[in-house]
Amino acid sequence: MPRRALRVAFAGVEVGDWVDPAGESRDVAVRLRAEDRVTASNIEHLPVAVAGTNMMVPLEQIATVTLDKGPARIQHLDGRRTVTVSANVEGRAAGEVTADAMKIAKAIEFPTVMA
């Protein structure tokens, strides 16, 4: 449940439609203000539902909040996380550069991803 509450707080949730003055229909989403999404103390105070009850508690009572960088989007291929790397090639054939890049990638010991 906390994951859903955080998704709503950060990404927003669509709550309806609004017709602008030009007659164009617009989706309306609700989420935290930008300034409320930048400090751990604000995030720690987000109310989250306690499963199986009608209670709400601050996130800090059930989780430790730390701020860090992460991917904006996680891509998958056949159920496994993937990373797309692109580049421009100059002075060498694209195939040679790709072969060298593949050798480097295969030599990297990637961490085990926990499900």
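About the criteria used
Residues numbered from 1 in each chain as written. Predicted model: local features only at pLDDT ≥ 70, side-chain atom pairs only at ≥ 80, totals over all residues. Heavy atoms only, no water. Helix = DSSP H or I, 4+ residues; strand = E, 2+ residues; numbered from the N terminus. Rg over C-alpha atoms; globule rule 2.2 N^0.38 Å. Contact = heavy atoms within 4.5 Å. Areas by Shrake-Rupley, 256 points an atom, 1.4 Å probe, with all protein chains shown as cover. Lys, Arg positive; Asp, Glu negative; His and termini not counted. Charge placed at Lys NZ, Arg CZ, Asp CG, Glu CD. Buried < 20%, exposed > 50% of the residue type's maximum accessible area, 1.4 Å probe, protein only. Pairing = 2+ DSSP bridges. pLDDT = per-residue confidence, 0-100. Patch = residues over 30% accessible without salt bridge, like charges linked within 9 Å, V, L, I, M, F, W, Y side chains within 5 Å. Salt bridge = Lys/Arg side-chain N within 4 Å of Asp/Glu carboxyl O.

**Q** Whenever I open this one, the overall build of the chain confuses me. Can you help?
**A** Of the regular secondary structure elements, the chain holds three helices and six strands. Sequence-ordered secondary structure for the chain, helices as α and strands as β, is α-β-β-α-β-β-β-β-α. In terms of overall dimensions, the chain is more spread out than a globule: its C-alpha atoms have a radius of gyration of 22 Å, far above the 13 Å expected for 115 residues. By principal-axis analysis of the C-alpha atoms, the chain measures approximately 60 × 45 × 30 Å. A fraction of 22% describes how many contacts in the chain between residues 6 or more apart in sequence connect residues 24 or more apart. Roughly 10,200 Å² of accessible area belongs to the chain as shown, and the carbon and sulfur atoms make up 55% of that amount. When the 14 positive and 15 negative side-chain charges of the chain are each reduced to one mean point, those points stand 6 Å apart.

**Q** Can you help me understand unusual backbone geometry in this one?
**A** With the exception of glycine, most residues fall at negative phi, and the peptide bonds are largely trans. If you check the backbone angles, Asp78 has positive phi at about 55° while not being a glycine. Checked against the element boundaries, Asp78 lands in the loop between strand 5 (75–77) and strand 6 (80–82).

**Q** Just to check I follow, could you spell out the pairing of strand 1 (residues 13–19) for this structure?
**A** Along any regular strand the residues' side chains alternate between the sheet's two faces. Burial runs low along strand 1: only zero of the seven residues are buried. As defined by bridge partners, strand 1 adjoins strand 2 (residues 25–30) across six bridges and the pair is classed as antiparallel. Note that in strand 2 the partner of Gly16 across the bridge is Val28. Where strand 1 folds back on strand 2, the antiparallel hairpin that results is connected by five residues, among which Gly23 adopts a positive phi of roughly 90°.

**Q** How should I be thinking about the environment of Asp20 in this particular structure?
**A** Its location among the elements puts Asp20 in the loop between strand 1 and strand 2. Its relative accessible area of 10% is what places Asp20 among the buried residues. In sequence terms Asp20 and Ala51 are 31 residues apart; their C-alpha atoms lie 38 Å from each other.

**Q** Please explain the confidence of the model for the chain as it appears in this structure.
**A** Detailed reading of predicted coordinates is not advised where the pLDDT is low. The pLDDT averaged across the chain works out to 84; a share of 95% of its residues lies at or above 70. Helix 1 (residues 2–11) is the least confidently modelled element of the chain, averaging 73 in pLDDT, while helix 3 (residues 94–107) averages 92, the highest of any element.

**Q** Help me understand a nonpolar patch on the surface, please; the structure alone is not making it clear to me.
**A** On the surface, a cluster of nonpolar side chains totalling about 290 Å² of accessible area is made up of Val8, Val13, Val15 and Val30. Assignment of secondary structure puts Val30 in strand 2. Since its relative accessible area comes to 44%, Val30 is described here as partly exposed.

**Q** Even after reading the chapter, I still don't get the pattern of salt bridges, so can you show me in this structure?
**A** Scanning all chains against the criterion turns up five salt bridges. For Glu35, the salt bridge identified is with Arg33, shortest N-O distance 3.4 Å. Here Arg92 and Asp100 are joined by a salt bridge, their closest N and O atoms 2.4 Å apart. Put simply, Arg33, Glu35 and Asp36 are held in one network by salt bridges that share partners.

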